[in-house]
Amino acid sequence: MQLQEFIINDIKPLSITDKISDLQLLFNQLTYSHIPIHKDGIYIGCISETDAHCFDGAISISDCNYAVEGFYVRDSTNWLDVLEAFAQNDCNIMPVLGKDNVYLGYYELNDIIHLFNETPFFSEPGGIIIVEKGINDYSFSEISQIVESNDAKLLGAFISKMDGDLVKITLKIDNASLNEVIQTFRRYGYNIISGHEDDTYLESLKERSQYLDKYLNM
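Residues numbered from 1 in each chain as written. Predicted model: local features only at pLDDT ≥ 70, side-chain atom pairs only at ≥ 80, totals over all residues. Heavy atoms only, no water.

## Digging into the nonpolar core
Moving on, step 1. Among the nonpolar cores identified, the biggest contains 37 residues, and Leu-23, Met-94, Tyr-107 and Ile-112 are the most heavily contacted of them.
Moving on, step 2. The set of elements that each furnish at least two residues to this core consists of α1 (20–29), β2 (34–39), β3 (42–48), α3 (79–89), β5 (93–97), β6 (103–108) and α4 (109–117).
Moving on, step 3. Among residues more than four places away in sequence, those in contact with Ile-112 are Leu-3, Trp-79, Val-82, Leu-83, Phe-86 and Tyr-107.
Moving on, step 4. With 17 residues, the next largest nonpolar core counts Ile-143, Ala-152, Leu-178 and Tyr-190 among its residues. (Core = buried A, V, L, I, M, F, W, Y, C linked by side-chain atoms within 4.5 Å. Buried < 20%, exposed > 50% of the residue type's maximum accessible area, 1.4 Å probe, protein only. Helix = DSSP H or I, 4+ residues; strand = E, 2+ residues; numbered from the N terminus. Contact = heavy atoms within 4.5 Å.)

## Here's the deal with the sheet that holds strand β1 (residues 14–15)
Moving on, step 1. Here we have three strands laid out as an open sheet, ordered β1-β2-β3, and mixed in their pairing. What marks the edges here is a single partner per strand, and that holds for β1 and β3.
Moving on, step 2. In this structure, β1 lies alongside β2, joined through two bridges in parallel fashion. Within β2, the residue paired with Ser-15 across the bridge is His-38.
Moving on, step 3. Taken strand by strand, α1 contacts β1, β2 and β3, and its axis lies near 145° from that of β2. (Pairing = 2+ DSSP bridges. Axes fitted to C-alpha atoms, helices over the stretch in contact; angles between N-to-C directions.)

## Some details on unusual backbone geometry
Moving on, step 1. One non-glycine residue, Asp-90, lies in the positive phi region at around 50°.
Moving on, step 2. On the secondary structure map, Asp-90 appears in the loop between α3 and β5.
Moving on, step 3. Relative accessible area serves as the criterion here: at 66%, Asp-90 is assigned to the exposed category.
Moving on, step 4. Even without glycine at this site, Asn-101 takes up a positive phi of about 60°.
Moving on, step 5. Residue placement: Asn-101 occurs in the loop between β5 and β6.
Moving on, step 6. Judged by its relative accessible area of 36%, Asn-101 falls in the partly exposed class.

## Examining the pairing of β3
Moving on, step 1. Within β3, five of the seven residues are buried, which leaves the element mostly enclosed by the surrounding structure.
Moving on, step 2. Both β2 and β3 contribute to a ladder of six bridges, which runs antiparallel. By the bridge assignment for β3, His-38 is matched with Tyr-43.
Moving on, step 3. Counting the residues in the hairpin turn of β2 and β3 gives two residues, including Asp-40, whose phi is positive at 55°.

## Some details on the environment of Asn-9
Moving on, step 1. Note that Asn-9 resides in the segment before β1.
Moving on, step 2. In the structure, Asn-9 is positioned 94 residues away from Tyr-103 in sequence and 9.5 Å away in space, judged by C-alpha atoms.
Moving on, step 3. Other than its neighbours up to four places away in sequence, Asn-9 contacts Tyr-103, Leu-104 and Gly-105.
Moving on, step 4. Polar side-chain contacts of Asn-9 include one of 3.3 Å to the backbone oxygen of Leu-104. (Polar contact = N/O pair within 3.5 Å; in protein donor to acceptor, adjacent residues only side chain to side chain.)

## Comments concerning the packing of helix α6 (residues 140–148) against helix α7 (residues 179–187)
Moving on, step 1. One can describe the packing of α6 onto α7 by two numbers: an axis separation of 9 Å at closest approach and a directional angle of 140°. As summarised for this structure, α6 and α7 are arranged oblique, according to the angle between their axes. The hand of the α6/α7 crossing is right-handed. Where α6 abuts α7, its residues Ile-143, Ile-146 and Val-147 lie against Val-181, Thr-184 and Phe-185.
Moving on, step 2. Looking at the contact of α6 with α7 residue by residue, the classes come out as five nonpolar, one polar and no charged. (Parallel < 35°, antiparallel > 145°, perpendicular 65-115°, else oblique. Left-handed = near helix turned anticlockwise from the far one by under 90°. Nonpolar A, V, L, I, M, F, W, Y, C, P; charged D, E, K, R; others polar.)

## A few points about the packing of aromatic side chains
Moving on, step 1. Applying the stated criterion to the full structure yields six aromatic pairs.
Moving on, step 2. When the ring of Tyr-138 is compared with that of Phe-140, the centres are 5.8 Å apart and the planes differ by 85°; the resulting orientation is edge-to-face.
Moving on, step 3. Residue Phe-140 is classed as partly exposed on the basis of its relative accessible area of 35%. (Phe/Tyr/Trp six-rings, centres within 6.5 Å; stacked < 30°, edge-to-face > 60°.)

## So, the confidence of the model for the protein
Reading predicted coordinates in detail is not appropriate for stretches of low pLDDT.
Moving on, step 1. Averaged over every residue, the pLDDT of the protein is 86; the share at 70 or more is 88%.
Moving on, step 2. Scored below 50 in pLDDT, residues 197–202 shows 13 contacts in the model against residues more than four places distant or in partner chains. (pLDDT = per-residue confidence, 0-100.)

## Digging into α7
Moving on, step 1. Looking at α7, one finds that the buried residues are Asn-179, Val-181, Ile-182, Gln-183, Thr-184 and Phe-185.
Moving on, step 2. Residue Gly-189 follows α7 closely and has a positive phi angle near 85°.

This is how it looks when you write it as structure tokens:
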């Protein structure tokens, strides 16, 4: 996957000597969250649309350079780290720097998300399971073993949440029925948060509980 093919260069960074009004005008024409800023041809960071509209349009960008956010990625940065950079900086435009910090252009968030959606995790058929276990008690090798021991294949896995001593892991499995996998996870002490397909074990427990409630209320 050649991420460099998605570098866009149709917006030139504004100079730090430009007016805030130039920045505000550019934001009015675009839908980007940030605009890149340079000083003497060297990229120094971005200013957000929110900040730009808070300043007096008559002053120069240099008068409020404290608002410049210095985030960027390299042209060699892999797409997953690029996606993480978008999330960390709450932006939809990501400046790309090459050798000697030369500004090459930027990535659009939608393009990177599109690449993510084309990965087998999303594009291949299968089911989603979210499991939970103690942060010191799980391992991805164990998770893979559980999945593969049920003649299923793991298409992807990532830590979707960390809450105190617990960790939630989202799995994509290419198996028509996830019930056997779910039961094995339970035997290994994993809590099942959700399963994309019907969990017949829980359904059975629910039916028995409803029957017991009905019996006791007779």
